[in-house]
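# Structural features, examined
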Amino acid sequence: MIIVMKPKTPAIEIQRISEEINCWNNIVAEKSTGKHQVVIGLIGDTTELEPSRVGVLSPFIEKVVRIEKPFKRASREFRHGESSIVSVNTPQGIVDFGQDCPIVHIAGPCSVENEQMIVETAQKIKQAGAQFLRGGAYKPRTSPYAFQGHGEKALEFLATARQETGLGIVTEVMNVSDLEKIAEVTDIIQIGARNMQNYSLLKKAGCQSKPVLLKRGMCATIKEWLLAAEYIIAAGNPNVILCERGVRSFDNQYTRNILDIAVIPVLRTLTHLPIVVDPSHGTGKAEYVPAMAKAAIAAGADSLMIEVHPNPAKALSDGPQSLKPEQYQELMQEMLAVSQVADYRAKSANQSTILTAV
Ligand code: PEP
Ligand code: MN
């Protein structure tokens, strides 16, 4: 953080400010004199320092500029420019999410509707090469009259699907009070777009050990999203996976959201955390999902999360954006082809699983 002093600030005032800063915990003031202005650098950990708090130190302060990122632990610098790997335990072994790891495939219905459909979907996506089954037990719906999810019953169905197939499970938590029972069943806890800024939920998710898939809020800036990740990490859980799922914009006539593919290279420069892309919520229409899934891979996504339903026409939620299992299987082949052309992770073990799965 730096303080830029106004021109002609008396030397004694600069001295006074520097002395005050030197009394703060582990922060040292370093003066640098330019032709017209003096700049005071604050050396040390300024994460918890508000620029506005520093600005009121003196009427001679022109501005206070934060140089380091406000999301310290989520920032790429925190890992000295390296990407981190989030390792997830599944019944079939550890699956790693990260820039240098094989692409991880997550698929499944929007909601867990009954035991048969979730087990059948799990078997089909496993056959196609996926490592994780997704499915909501607690659903955040815009209308209170829409299907809200089967809750605890659905968690039992997910546990059965996990046992039958060995796939890892990803399911959403909406409420702090449900966190414990969801964490017992799931391998990754999903925090949805609508809860990205539910700070009590983020803190609670940070106090337990299951990895957290943090979806981008529908109107969230990249900075707000990374600060939400910072909440989880600062509370003690470093295993955060980011999920781009599209943002709201002025035009929702043809797509549900705007899937921000550019966020992938941008995040790479800002954070060490793994990046998942969800083209299903990103577009809202099954016919657009394959193109955006392949675009995400070409742009360097670490993982894809895609909604798959055995009978989309009868789905209780998000049917129009869900692929049929056969469409998913075909898309997996295409995604593999894209990753090979882009030379990403082409020789990985998971990719050969996809090749031999069909
Ligand atoms: C979902 O994954 O089904 C979901 C509700 O996603 P989002 O929070 O991105 O809307
Ligand atoms: Mn959905």
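Just so we're clear, the structure is a prediction, and the values are computed from it rather than from any experiment.

## Notes on the coordination of the manganese ion (ligand 2)
- Around the manganese ion (ligand 2), the donor atoms from the protein are Cys110 (SG), His281 (NE2), Glu307 (OE) and Asp318 (OD), and they sit 2.0 to 2.4 Å away.
- Mapped onto the sequence, the donors of the manganese ion (ligand 2) take the spacing C-x170-H-x25-E-x10-D. On the criterion of sequence distance, the pair formed by histidine 281 in helix H9 (residues 279-283) and glutamate 307 in strand S14 (residues 303-307) is long-range, its members being 26 residues apart.

## What to know about the sheet that holds strand S8 (residues 132-134)
- Taken together, the eight strands give a closed barrel; going around it, the order is S7-S8-S9-S10-S11-S12-S13-S14, and neighbouring strands pair in parallel fashion. Direction aside, neighbouring strands of the sheet carry axes that sit 25° apart on average.
- As judged from the three bridges shared by strand S10 (residues 188-191) and strand S11 (residues 212-215), these two strands associate in the parallel manner. Bridging from a neighbouring strand, glutamine 190 pairs with leucine 213 of S11.
- Here helix H7 (residues 222-234) sits on the sheet in contact with S11 and strand S12 (240-244), set at roughly 155° to S12.

## Overview of the sheet that holds strand S4 (residues 61-65)
- Pairing is antiparallel in the open sheet, where four strands are placed in the order S2-S3-S1-S4. Bordering the open sheet on either side are strand S2 (27-33) and S4, each of which pairs with just one other strand. Going from strand to strand, the sheet's axes swing by 20° on average, the running direction of each strand aside.
- Of the pairings in the sheet, the one linking strand S1 (residues 2-5) to strand S3 (residues 38-44) comprises three bridges and is antiparallel in character. Residue pairing across strands places isoleucine 3 opposite isoleucine 40, the latter belonging to S3.
- Strands in contact with helix H1 (residues 11-22) are S1, S2, S3 and S4; relative to S2, the strand with the most contacts, it is inclined by about 155°.

## With respect to the packing of aromatic side chains
- A full pass over the atoms with the stated rule returns two aromatic pairs.
- Pairing phenylalanine 97 with phenylalanine 132 gives two aromatic rings, centres 5.5 Å apart and planes at 45°, and the pair type is tilted. Here the residue phenylalanine 97 occupies a position in strand S6 (residues 93-97), and phenylalanine 132 occupies one in strand S8, the gap between them amounting to 35 residues. Phenylalanine 132 carries the same exposure label as phenylalanine 97, and that label is buried.
- With a centroid separation of 4.5 Å and an interplanar angle of 25°, the aromatic rings of tyrosine 199 and tyrosine 231 are classed as stacked. Separated by 32 residues along the polypeptide, tyrosine 199 in helix H6 (residues 199-206) and tyrosine 231 in helix H7 bring together distant segments of the chain.
- We classify tyrosine 199 as partly exposed; its relative accessible area is 34%.
- Residue tyrosine 231 is classed as partly exposed on the basis of its relative accessible area of 31%.

Calculation rules
- Residues numbered from 1 in each chain as written.
- Chains lettered and ligands numbered in written order.
- Predicted model: local features only at pLDDT ≥ 70, side-chain atom pairs only at ≥ 80, totals over all residues.
- Heavy atoms only, no water.
- Donors = N, O, S within 2.8 Å, 3.2 Å for Na, K, Ca; no water.
- Helix = DSSP H or I, 4+ residues; strand = E, 2+ residues; numbered from the N terminus.
- Pairing = 2+ DSSP bridges.
- Axes fitted to C-alpha atoms, helices over the stretch in contact; angles between N-to-C directions.
- Contact = heavy atoms within 4.5 Å.
- Phe/Tyr/Trp six-rings, centres within 6.5 Å; stacked < 30°, edge-to-face > 60°.
- Buried < 20%, exposed > 50% of the residue type's maximum accessible area, 1.4 Å probe, protein only.

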